[in-house]
Amino acid sequence: MVDAVSKEASMSKFLEKKGEYEGGIEFSAGFRWQHWIRAIAIFALIATGFYIADPFITYQNVSAEPTRFLHAEIREWHIIFGFVMIGAVAYKLFLTLFTKEGKFERESVKDAFNIKLAIQQIGYYLLINKHPHTKGIYNPLQFWAYVGLYVFFIGIIVTGLALYAEVYHEGLGGALYGFAKFVETMFGGLAEVRYWHHLFMWGIIIVVFIHIYMAVYNAVFGKNGSMDAIFSGMKYEKEDH
């Protein structure tokens, strides 16, 4: 009996009970830091990426002197935030795939192909029924949205590194030059690499704004502190949830 209780406790996402609620640390400090670092990097990359694609800010007075490098500065910040995002994405993948903290994210795979659960989840979003029980953190719709998001992340990282190595031929750029040529050949030319880089960014933009909307939706209608947890790390919900 004690073993069964211990096993059940170890399977719980939460640490303690307070009255009719159970809760505790939902997200570690490392998880929360990577989330916000990645978020800042994404929005910085969106802003700088739009400028690089179509420079909408220019100096009023044209000068022949090589002293005005706004485009180069914006590109530099784009590269810096690009590597920041690569680090955050790599760290998140490590947490999900190889650590105890990512256990309940991995458990979500069990619900990924559950069509009945997906339909119930759609009903919840339409305010028709209650939130269904899931085995992991993510319901099927969330799971596939995050799978799509990381496909876009990997795509934009691969194409971004290829574009980086085509311009910077020393150091890391030189080390990645062979990889860049392989990617260029695979996509059918440098213009196509840049085109797909933009497409992957638009995919990320769409998923990110859906994510923000659904996070607010769940915070308002779910009333379980799911959005608060990404700030404080703590989450409480009723035991019957």
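Keep in mind that what you see is a predicted model, and the values were worked out from it rather than measured.

**What about the nonpolar core?**
Of all hydrophobic cores here, the largest spans 25 residues; its most connected members are Ile42, Met85, Phe153, Ile156, Met201 and Ile204. In terms of residue count, the dominant contributor to this core is helix H6 (residues 140-167) (9 residues). The residues contacting Ile156, other than those within four sequence positions of it, are Met85, His197, Phe200, Met201 and Ile204. Phe27, Phe31, Ala229 and Ile230 belong to the second largest nonpolar core, which has 5 residues in total.

**With respect to the pattern of salt bridges**
Scanning the model with the defined rule gives 4 salt bridges in all. Across the pair Lys110 and Glu107 runs a salt bridge, and its minimum N-O distance is 2.9 Å. With its nearest N and O atoms 3.7 Å apart, the salt bridge here joins Glu166 to Lys181. Of this pair, Glu166 sits in helix H6 while Lys181 sits in helix H8 (residues 177-187), and the two are 15 residues apart along the sequence. Here Glu166 falls in the buried class, since its relative accessible area comes to 16%. Several salt bridges converge on common partners, so that one network encompasses Glu166, Lys181 and Glu184.

Reading the values: rules and limits
Residues numbered from 1 in each chain as written. Predicted model: local features only at pLDDT ≥ 70, side-chain atom pairs only at ≥ 80, totals over all residues. Heavy atoms only, no water. Core = buried A, V, L, I, M, F, W, Y, C linked by side-chain atoms within 4.5 Å. Buried < 20%, exposed > 50% of the residue type's maximum accessible area, 1.4 Å probe, protein only. Helix = DSSP H or I, 4+ residues; strand = E, 2+ residues; numbered from the N terminus. Contact = heavy atoms within 4.5 Å. Salt bridge = Lys/Arg side-chain N within 4 Å of Asp/Glu carboxyl O.

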